[in-house]
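# Close look at the chain arrangement
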Amino acid sequence: MSAKKYLARLFNPGIEPVMAKYLEYRDILECHEKREGTDCSNKEIILFCRQKLEEVEAALLAPFYLRKKIMAAWQLLHRVSEEMVLLMDREELSGFGLRLNLEVKLSGLPAAQKEDWPKQITEAVKRIATADCSPNEIESIRQLFKNMHRAVNAVVDDGFWDLWAKRLLALCYTVLLIALICFFTAAMTENACLSPLKILTLGAMGGLLSGIVTGERETLPKGHFWTPTVYYILARPALGAMAALVTFWMIESQFLIKIEPPLSENVAAFTCAANPGEKRPVVIETLRESGPIHESTTAAAPQAKTNTQDGKGSIDLSLVTLTAREGRQGYLYLLVLLFAGFAGDKLLKTIADRVTTKLIARAEKTKE
């Protein structure tokens with residue numbers, strides 16, 4: 001198929017650079033094949049490159065109802081470019097060495113390799129230019145450049161995979177966040193009350209927002225997809241919801257954090273019976289901006305003050321006091337719970353990541 005027929009097909013913009021690189025490598029391989037002839041010693045290399053290009057074509061030209069394997073196509077193209085280094089003559093190898101030198105310096109390779117390899121490449125290019133450079137030395141330089149080029153391509157492939165994985169998780173977080181926002185808005189429109197489900201929803205929204213903003217540390221290892229993907233999608237809203245629930249309990253008990261004036265002075269929210277023998281259901285009242293004042297349930301809620309051992313004073317256990325305008329405490333509650341889901345997910349996930357890192361390190365030490 002000619003290049004015009006390839007480019008005449010419908011592709012999304014992300015596939016066009018891969019297709020252009022495929023057509024470029026196909027033309028370069030044809031030039032090498034014409035130059036080498038039919039009885040060349042590099043026939044196996046040319047056959048290998050042609051086979052990989054056919055696999056790239058199959059990955060890119062899959063039917064519309066099948067997913068196109070873009071990452072597989074890129075890696076196969078990199079294998080072709082690495083093998084074609086072995087087909088270069090002296091002049092081509094010298095020019096490729098100059099380009100490879102720049103790629104190594106700009107790549108994400110370790111610092112030791114970025115410092116040592118340019119020196120080796122420079123010496124190899126100088127050696128190629130000398131008249132007494134033997135064919136065996138040329139072949140050694142080809143293998144050296146091929147291995148260096150493969151290391152650079154591996155870093156590029158890993159970076160492409162990490163970028164795709166992070167964008168996929170961010171997309172999942174965004175879709176879930178939009179769904180929770182719609183659910184929360186509908187629930188508040190129907191009944192503007194502070195219920196357990198709405199508290200958990202706020203925390204989950206904060207956890208998803210944290211995933212969108214601070215998702216750079218998330219990684220999907222190659223070869224494992226569904227387990228880490230489902231874990232991140234479920235863990236972030238779950239951690240955020242739990243953090244929001246714990247924060248609400250802390251506010252209601254005025255432990256470490258309290259809101260002035262407290263919501264319990266106007267609304268019977270999560271009213272628990274002070275007397276275990278007294279059966280009182282958990283009540284969720286509407287957050288009213290105006291209207292009659294409800295009976296205070298401050299006496300039923302545990303206070304954030306406790307007497308000292310000698311009974312001469314009291315200790316205020318709240319470290320943070322947030323003040324809201326009278327009748328507007330509900331908005332402050334919503335804001336604090338949303339922020340609690342955001343910060344709680346980030347804090348708890350950091351602890352979980354550290355535990356996982358320690359377990360991986362211990363497994364590496366004891367696997368033998």
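Within every chain, residues take consecutive numbers counted from 1 along the sequence as written. Local features in this predicted model are restricted to residues of pLDDT 70 or higher, and side-chain atom pairs are both shown and tallied only at a pLDDT of 80 or more, whereas totals for entire chains, interfaces and linings draw on every residue. No hydrogens and no water enter the side-chain calculation; it runs on all heavy atoms of the structure.

### Overview of the packing of aromatic side chains
- Classification of ring pairs uses Phe, Tyr and Trp, with its six-membered ring standing for Trp, and accepts pairs whose centres are within 6.5 Å; under 30 degrees between planes counts as stacked, over 60 as edge-to-face, and the remaining range as tilted. With the rule as written, the count across this model stands at six aromatic pairs.
- Taking 6.1 Å as the distance between ring centres and 35° as the angle between the ring planes, the aromatic pair formed by W164 and F225 counts as tilted. With W164 in helix α7 (residues 135-190) and F225 in the loop between α8 (196-213) and α9 (226-253), the pair connects residues that are 61 residues apart, well separated along the chain.
- For the exposure calls, accessible area comes from a 1.4 Å probe over protein chains only, and a residue counts as buried if that area is under 20% of its type's maximum, exposed if over 50%, partly exposed in between. On the basis of relative accessible area, F225 is assigned to the partly exposed category, the value being 25%.
- These aromatic residues form a ring-pair network of at least three members: W161, W164, F225 and W226. Each helix is a run of H or I in the DSSP string that is no shorter than four residues. Each strand is a run of E no shorter than two, and both are numbered from the N terminus.

### Some details on a nonpolar patch on the surface
- A cluster of nonpolar side chains, L209, I212 and V213, forms an exposed patch at the surface whose accessible area comes to about 220 Å².
- Along the chain, I212 falls in helix α8. Put simply, a patch holds well-exposed residues, over 30% relative accessible area, that have no salt bridge, with like charges counted together within 9 Å and Val, Leu, Ile, Met, Phe, Trp or Tyr side chains within 5 Å. Accessibility throughout is a Shrake-Rupley quantity obtained with a 1.4 Å probe, and a residue counts as covered only by protein chains that appear here. Counted as salt bridges are all cases of a side-chain nitrogen of Lys or Arg within 4 Å of a carboxyl oxygen of Asp or Glu.

### Focus: the pattern of salt bridges
- Applying the stated criterion to the full structure yields 14 salt bridges.
- Salt-bridge contacts for R79 lead to E82; the nearest nitrogen and oxygen are separated by 2.7 Å. Taken together, the residues R79 and E82, both in helix α4 (residues 70-83) and three residues apart, mark about one turn of the helix.
- When its relative accessible area of 0% is taken as the criterion, E82 is described as buried.
- One connected set of salt bridges, linked through shared partners, spans R79, E82, E83, K146 and R150.

### Details of α8
- Its 18 residues give α8 an end-to-end C-alpha distance of 26 Å, which sits within 8% of 26 Å, the value for a rise of 1.5 Å per residue.
- All of the buried residues along α8 are K198, I199, T201, L202, G203, A204, M205, G206, G207, L208, S210 and G211. The span one expects for a helix is its residue count, reduced by one, times 1.5 Å.

### What about the environment of G206?
- With respect to the helices and strands, the residue G206 is situated in helix α8.
- With 30 residues separating them in the primary sequence, G206 and R236 have C-alpha atoms 8.8 Å apart.
- Residue contacts are defined here by distance: any two heavy atoms, one from each residue, within 4.5 Å place the two residues in contact. Filtering out sequence-adjacent residues up to four positions away, G206 remains in contact with L338, G341 and F342.

### Description of helix α3 (residues 43-60)
- Taking 1.5 Å per residue, 18 residues should reach 26 Å; α3 reaches 26 Å between its end C-alpha atoms and fits that length.
- All of the buried residues in α3 are I45, I46, C49, K52, L53, V56, A59 and L60. Along the long axis of α3, the arc covered by the buried residues comes to 140°, so they all point the same way. Residues of α3 that are exposed and point more than 90 degrees away from the buried face comprise K43, E44, L47, E54 and A58.
- Among the structural elements, α2 (16-36) and α4 are those in contact with the buried residues of α3. Regarding the arc, it is the one traced by the directions from the helix axis to the C-beta atoms.

### Observations concerning the confidence of the model for the protein
- pLDDT: the predictor's confidence for each residue, scored from 0 to 100. Taken over all residues, the pLDDT of the protein has a mean of 78, while the share at 70 or more is 73%.
- Of all secondary-structure elements in the protein, the lowest mean pLDDT belongs to strand β2 (residues 305-307), at 42, while α4 reaches the highest, 93.
- The low-confidence segment residues 265-313, where pLDDT is below 50, has 86 contacts with residues more than four positions distant or belonging to other chains.

### Thoughts on the packing of α8 against α9
- Here an angle of 0 to 180 degrees is reported between the N-to-C directions of two axes, which are lines fitted to C-alpha atoms, with helices fitted over the stretch in contact. Their axes nearest at 6 Å, the elements α8 and α9 cross at an angle of 130°. Put simply, α8 runs oblique to α9. Between α8 and α9 the crossing geometry is right-handed. The segment α8 lies against α9, with I199, L200, G203, A204, G207, L208, S210 and G211 engaging R236, P237, G240, A241, A244, L245 and F248. Reported orientations rely on four angle classes, namely roughly parallel under 35 degrees, roughly antiparallel over 145, roughly perpendicular from 65 to 115, and oblique for the rest. Handedness of a helix crossing follows the sense of rotation of the near helix relative to the far helix, less than a right angle counterclockwise being left-handed and clockwise being right-handed.

### Examining the packing of helix α5 (residues 90-106) against α7
- Close contact between α5 and α7 brings their axes to 11 Å; oriented N to C, the two are set at 30°. In this view, α5 runs roughly parallel relative to α7, as classed from their interaxial angle. Remark: the crossing between α5 and α7 carries left-handed chirality. Contacts between α5 and α7 involve R90, L93, F96, G97, L100, E103 and V104 from the former and I138, I141, R142, F145, M148, H149 and V152 from the latter.

### Digging into the side chain of S81
- Mapped onto the elements, S81 comes out in helix α4.
- Among the polar contacts made by the side chain of S81, one reaches the side chain of H149 at a distance of 3.3 Å.
- Beyond its immediate chain neighbours, meaning those up to four positions away, S81 contacts Y25, H149 and N153. Distance and chemistry together define a polar contact, namely a pair of N or O atoms within 3.5 Å, with one atom able to donate a hydrogen and the other to accept it when in protein, and with adjacent residues in sequence counting only for side-chain atoms on both sides.

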